[in-house]
Amino acid sequence: VRKLRLLGRDTSLACFGRSDLAGAAQALGLAAHTATDEASLTSAVHAASRAEGPVLIHVHIDPEVHQEVF
């Protein structure tokens, strides 16, 4: 969305609902967390640092926030 918007292109085809990647990972037996804000990201990172094995952190990004660099 951000790249298309910077190019002045239509973003409607790049927008779709929020999937539950953490839920899918947990269903497969993987430790997983969802981060929707800074507090939940901090919590997820702390939990991941204590976990044994791989951990998925699904970070929701606001499509309305865009930056020139990246």
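First, a word on scope: everything that follows refers to the structure included in this document. (Residues numbered from 1 in each chain as written. Predicted model: local features only at pLDDT ≥ 70, side-chain atom pairs only at ≥ 80, totals over all residues. Heavy atoms only, no water.)

Some remarks on a nonpolar patch on the surface
For clarity, the cut-off: For patches, a residue must show more than 30% relative accessible area and have no salt bridge; joins then use 9 Å for like charges and 5 Å for nonpolar side chains, namely Val, Leu, Ile, Met, Phe, Trp and Tyr. Under the convention used here, a 1.4 Å probe and the Shrake-Rupley method define accessible areas, while residue burial counts only the protein chains that appear. For salt bridges, the criterion is a side-chain nitrogen of Lys or Arg within 4 Å of an Asp or Glu carboxyl oxygen. A run of H or I in DSSP becomes a helix once it reaches four residues, and a run of E becomes a strand once it reaches two; helices and strands are each numbered from the N terminus.
A cluster of nonpolar side chains, Leu41, Val45, Val59 and Ile61, forms an exposed patch at the surface whose accessible area comes to about 300 Å². Looking at the secondary structure, you find Val59 in strand 2 (residues 55–59).

Observations regarding the pairing of strand 2
Our working rule: Strand pairing is defined by DSSP finding a minimum of two bridges between the two strands. Note on handedness: a crossover is taken as right-handed if, strands pointing away from the viewer, the path from the first strand over the helix to the second is clockwise.
Relative to strand 2, strand 1 (residues 31–35) runs parallel, the two sharing five bridges. Pairing of Thr34 across the sheet is with His58, part of strand 2. The β-α-β motif built from strand 1, the intervening helix 3 (residues 38–50) and the parallel element strand 2 has right-handed crossover chirality.

Remarks on the environment of Ala22
Put simply, the test is: Only protein chains enter the accessibility calculation, which uses a 1.4 Å probe; a residue is then buried when its area is under 20% of its type maximum, exposed when over 50%, and partly exposed in between. In this analysis, two residues are considered to be in contact whenever any of their non-hydrogen atoms come within 4.5 Å of each other.
In this fold, Ala22 is placed in helix 2 (residues 21–27). Note on Ala22: relative accessible area 3%, which makes it buried. Remark: the alpha-carbon pair of Ala22 and His58, spanning 36 residues in sequence, is separated by 5.9 Å. If sequence neighbours within four positions are ignored, Ala22 has contacts with Ala32, His33, Thr34, Leu56 and His58.

Comments concerning the environment of Ser12
Formally: In protein, a polar contact requires one atom able to donate a hydrogen and another able to accept it; more generally it is a pair of N or O atoms within 3.5 Å, and residues adjacent in sequence count only if both atoms are side-chain atoms.
Secondary-structure assignment places Ser12 in the loop between helix 1 (2–6) and helix 2. By relative accessible area, which is 45% here, Ser12 ends up partly exposed. Sequence separation between Ser12 and Val1 is 11 residues; the distance between their C-alpha atoms is 8.4 Å. A polar atom in the side chain of Ser12 sits 2.8 Å from the side chain of Asp10.

It is worth stressing that arrangement in space is one thing and function is another; only the former is reported here.
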